[in-house]
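Residue-level structure breakdown
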Amino acid sequence: MPGNKYNCSPVTPRTRLERLLRERELRKSNRSFQSSEEARDSNRDAEILVNDSRSHENVNLGLPSEGAFLNGVAAARAFLADGCPRQDGRPSKQRLLVVANRLPVSAIRKGEDSWQLEMSVGGLVSALLGLKEFDAKWIGWAGVNVPDEVGQRALTNALAEKRCVPIFLDEELVHQYYNGYCNNILWPLFHYLGIPQEDRLATTRSFQSQFDAYKKANQMFAEVVKQHYKEGDVIWCHDYHLMFLPKYLKEYNNKMKVGWFLHTPFPSSEIHRTLPSRSELLRSVLAADLVGFHTYDYARHFVSACTRILGLEGTPEGVEDQGKLTRVAAFPIGIDYERFIRALELPQVQINMKELKQRFAGRKVMLGVDRLDMIKGIPQKILAFEKFLEENPHWRDRVVLLQIAVPTRTDVPEYQKLTSQVHEIVGRINGKFGTLTAVPIHHLDRSLDFHALCALYAITDVALVTSLRDGMNLVSYEFVACQASNKGVLILSEFAGAAQSLGAGAILVNPWNVTEVAASISYALDMPADEREKRHQHNFKHVTTHTSQEWAATFVSELNDTIVEAQLRTRQVPPLLPTEVAVDRYMKSSNRLLILGFNSTLTEPVDALGRNGQLKEMELKLHPDIKEPLKKLCDDPKTTIVVLSGSDRAVLDNNFGEYNMWLAAEHGMFLRHTKGEWMTTMPENLCMDWVDSVKHVFEYFTERTPRSHFELRQTSLVWNYKYTDIEFGRLQARDMLQHLWTGPISNASVDVVRGGRCVEVRAVGVTKGAAIDRILGEIVHHKGMKSPIDYVLCVGHFLAKDEDVYTFFEPELPCESPPPARAMVANHVKTSMPNILSSQSGSRASRLKKQRSLSTLEKKETNPRSADALQPVLQDRMSLHEGASVLDLKGDNYFSCAVGRKRSNARYLVRSADTVVALLKELAQFSSSP
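Residues numbered from 1 in each chain as written. Predicted model: local features only at pLDDT ≥ 70, side-chain atom pairs only at ≥ 80, totals over all residues. Heavy atoms only, no water.

1. A word on unusual backbone geometry
Even without being a glycine, Asn473 presents a positive backbone phi close to 80°. Structurally, Asn473 can be placed in the loop between β15 (462–465) and α17 (475–481). Asn473 sits in the buried class, given a relative accessible area of 6%. One non-glycine residue, Glu666, lies in the positive phi region at around 50°. (Helix = DSSP H or I, 4+ residues; strand = E, 2+ residues; numbered from the N terminus. Buried < 20%, exposed > 50% of the residue type's maximum accessible area, 1.4 Å probe, protein only.)

So this is what it looks like as structure tokens:
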């Protein structure tokens, strides 16, 4: 696609699915270019695993050595969007900026200008291990405070060799941002633990200061990203620490390719809405092009939160806000399974496996590997094991539970309390069921090195993962990768993200149900060999297919294609209104026509979800800042203003009665000048027999849908569910539409129009575009116009059904032989205004503009047999020639603008009612007094 520098293929697939399938095949073929290099990488990793026996603490206890990971990052082969070869024949790379809270290394200062780099802990580091398809650079905090410039410069240089860029945060900012807002508010909330209670005013203020620090830290990350960004880079933001980063990056450069991925669960909207800064965080994340989660559940919760909290439109693709689509999808993370398989073949691991088998000979080994954290469900796991031992005495001396609990946040009272609780339970069980030579539970408050962990995985018979809430939990993946020979059973909490991927091969349990977990332990230990084999094969196939490489490549592929999709959508989106041009043309014109909508165009801003009181929001009020400029425009003798709305006549009277303008109510079916009486532009043969049937349907749905209401107008009925529960309102609207389309009025002469959280039923042919013809005729008659209208501004937040008002003034397509009716009309117009048309007919024909708006009388004369011919009410007041109006817009003097929506037939877009107010203020400055 144009604009994608990585696409060198002249043939572009037609659909999104075709493009993604093509990307997948190209990724596979590109990897064949690297086969020899991968073999060398494999040998180098094996050597490093043999030589490096240091212990590294890891959330998932599967971290590589420092050299293995850094070599993988430094030599990362970038993802190829389309397989364009480089000059040396090898695939080219796409630059990837990975932005996370922490770098993949931790820095230890050894002198004023020297640093030692060691491996960082974290599941993200483990997941991105071995990525070789990106020209990757990692941006993040180095985990150390460096106040002096000399130390910062030295650390930056040291990390540059590892393709890492440090962010320098001072101690106070780290305390407020990381320990405060991230770990004290967001992390508990996302794991369904709730946020701390605000029992003191000082606590409330500290929350606010933490939120301010959070935004400041995100801004600092954005500044560093800007310094290293090059056009075409993919920026991949990670986790809840950086929820403001997509917004800050897009504000800097809207063309950046920005993705955001969450490595924790995303809570349901009912939980997320308790967060005071809920809306700001959601809108900031929505600035990204692609938002990724581990599971469909988390993605669904995010879309639901945007819908319920922000009032935005949720679609199968993601979240849409005024035509801008943020794609939301699930990307289950994986591991580098080959690294575990290779490790099992190392002599050191083989020796560990042999020792463990001898140590636990004659006993089944159960394994738990977790952080010592509230969400990991360690107490629940141990209590379930205790119940199992009570109910199955014959297993007491034949099974052992090895629980590895890695300490975290040891200075936090809640974690200290959890540690004491676990120790107490373990001590009680061992004292109750242990013997002088053996105990049922071996509990370790520390991490194991990688080799020891792989050996432990390999000899385990049953792995027990009982997370109360977990984003994914890669321990379950690591266990499966090491079970090629043993075919162990995985008992997995249904509240872990991995349950969505490994659920068919694992035994899913509710960790809160101790009885169920105990029964699952018994079932797993007694499981037949053939069932163990089948379950393992299912899990192993998933782990080896959905690797960390494939996860990252798929995410970047989807992100690249999301940009392509956005480009295709943008081509169909009109540009923003050029305000300066519109004002300049207004100044130079002598007979102007302004057609303005009302709702969401001239009204004061309201809460989209109606939280400030539904009754107040239902009463449409004129924007307070527009009254003065609107009055000045109305008093200009060169300017004619028409408010064209679907609202009732009384609503327009209440808001515009004091102005010198024209009011067109109910989509233009009723018209009056504010100094005159209402007249109708409806056809005499308009059938309204369907009204009672529709009214009964609307009454029924209003009764069963709380906070909905309907309006009965003379030419239409409108059912509004703007203030109802969004999901419930949509379901009710769907049922209503189904009934209206197939029910007793299915054959009536009506149009059923679905708008923004409303359903409207109106007579066929009742649109703003159909009414504008008659309205212009009345205006010409009333004002006795002798010169053509040379400037038209049409602005409104109209339904798609009413956007024919925009196209009414647009050029007509040329045709070889104009229809007879059009020739008759042209002759008639020439006779009605000969002085005006004699000098302009040639230029008008060459521009193919609609240079006239015919009155109802003219239409009737032109085609007297037309069933749709409108008949004016005040025929005795009008002559044949007085109903004609001439438009001379000179090509560029017409500005049609859609307010707050991007998919429109209008020429231009206007963001909101505030923008309309600003525009009218500028026009009013150049208006003359009567």
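There is more to say after this.
2. Description of helix α25 (residues 649–656)
For α25, every residue scored as buried is listed here: Leu652, Asn655 and Phe656. Down the axis of α25, the buried set is contained in an arc of 75°. They therefore lie on one face. Contacts made by the buried residues of α25 are with α24 (627–634), β19 (639–644) and β20 (662–665). At the N-terminal boundary of α25, the capping side chain belongs to Asp648, with an oxygen 3.0 Å from the backbone nitrogen of Ala650. (Arc of directions from axis to C-beta. Contact = heavy atoms within 4.5 Å. Polar contact = N/O pair within 3.5 Å; in protein donor to acceptor, adjacent residues only side chain to side chain.)

3. Some thoughts on the nonpolar core
Grouped together as the largest cluster of nonpolar side chains are 87 residues, with contacts concentrated most on Leu602, Phe656 and Phe809. Membership of the second largest hydrophobic core comes to 73 residues, among which are Trp115, Leu346, Leu367 and Leu492. (Core = buried A, V, L, I, M, F, W, Y, C linked by side-chain atoms within 4.5 Å.)

4. With respect to helix α16 (residues 450–459)
With ten of ten residues buried, α16 is to be regarded as a mostly interior element. Among all positions in α16, only Phe450, His451, Ala452, Leu453, Cys454, Ala455, Leu456, Tyr457, Ala458 and Ile459 are buried. Capping the start of α16, Asp449 holds a side-chain oxygen 3.0 Å from the backbone nitrogen of His451, two or three residues further along.

5. Here's the deal with the environment of Val144
Structurally, Val144 can be placed in the loop between β4 (135–141) and α5 (149–160). Through-space distance from the C-alpha of Val144 to that of Arg109 is 8.9 Å; in sequence the pair is 35 residues apart. Once residues lying within four places of it in the same chain are set aside, the contact partners of Val144 are Ala107, Trp115 and Leu155.

6. Description of the side chain of Gln732
With respect to the helices and strands, Gln732 occurs in helix α27 (residues 726–742). Assessed through its relative accessible area of 3%, Gln732 is described here as buried. Those residues in contact with Gln732 that sit more than four places away from it in its chain are Phe701, Arg704, Thr705 and Trp719.

7. Concerning the sheet that holds strand β13 (residues 399–406)
In spatial order, the strands read β14-β13-β12-β15-β16-β17; together these six strands make up an open sheet with parallel pairing. Bordering the open sheet on either side are β14 (441–444) and β17 (507–509), each of which pairs with just one other strand. The mean angle between the axes of side-by-side strands here comes to 20°, regardless of whether they run parallel or antiparallel. Most of the contacts of helix α14 (residues 378–391) go to β13, to which it runs at about 170°, and overall it touches β12 (364–371), β13, β14 and β15. (Pairing = 2+ DSSP bridges. Axes fitted to C-alpha atoms, helices over the stretch in contact; angles between N-to-C directions.)

8. What about the pattern of salt bridges?
A full pass over the atoms with the stated rule returns 32 salt bridges. Of the charged contacts in the structure, one is a salt bridge between Arg592 and Asp636, with a shortest N-O distance of 2.8 Å. Here Asp636 lies in the loop between α24 and β19 and Arg592 lies in strand β18 (residues 592–596), a separation of 44 residues in the sequence. Taken individually, Arg592 and Asp636 each receive the classification buried, so the pair is uniform in this respect. Notably, a salt bridge pairs Asp802 with Lys768, separated by 3.4 Å at the nearest N-O pair. Separated by 34 residues along the polypeptide, Asp802 in the loop between β27 (791–796) and α29 (804–807) and Lys768 in helix α28 (residues 768–783) bring together distant segments of the chain. (Salt bridge = Lys/Arg side-chain N within 4 Å of Asp/Glu carboxyl O.)

9. A closer look at the packing of aromatic side chains
Applying the stated rule across the entire model yields 32 aromatic pairs. On the numbers, 6.4 Å between centres and 75° between planes, the contact of Phe190 with Tyr240 is edge-to-face. Note that Phe190 is positioned in helix α6 (residues 171–190) and Tyr240 in the loop between β6 (234–238) and α8 (245–252), a separation of 50 residues in sequence. Here the two residues Phe190 and Tyr240 agree in accessibility, since each one is buried. Here the aromatic rings of Tyr700 and Phe701 are separated by 5.2 Å at their centres, their planes lie at 85°, and the arrangement is edge-to-face. Using a relative accessible area of 44% as the deciding quantity, one classes Tyr700 as partly exposed. Residue classification places Phe701 among the buried residues on the basis of a relative accessible area of 4%. What links up through ring pairs into an aromatic cluster is the set Tyr177, Tyr181, Phe211, Tyr214, Phe244 and Tyr248. Here the basic side chain of Arg339 rests over the ring of Phe450, its NZ or CZ set 3.7 Å away from the ring centre. (Phe/Tyr/Trp six-rings, centres within 6.5 Å; stacked < 30°, edge-to-face > 60°. Lys NZ or Arg CZ within 6 Å of the ring centre and 35° of its normal.)

10. Quick look at the confidence of the model for the protein
Detailed reading of the predicted coordinates is not advisable wherever pLDDT falls low. Summarising the model, the protein shows a mean pLDDT of 80, and 78% of its residues fall at 70 or more. This stretch, residues 1–10, has a pLDDT under 50; its non-local contacts, to residues over four places away or in other chains, come to 28 contacts. Within the model, the stretch residues 813–885 combines pLDDT values under 50 with 106 contacts to residues more than four positions away or in other chains. (pLDDT = per-residue confidence, 0-100.)

11. A closer look at the environment of Glu386
Inspection of the secondary structure puts Glu386 in helix α14. Using a relative accessible area of 8% as the deciding quantity, one classes Glu386 as buried. Each C-alpha atom, one on Glu386 and one on Asn430, is 9.5 Å from the other, the two residues being 44 residues apart in sequence. For Glu386, the contacting residues outside a window of four places in its chain are Arg428, Ile429, Lys432 and Phe433.

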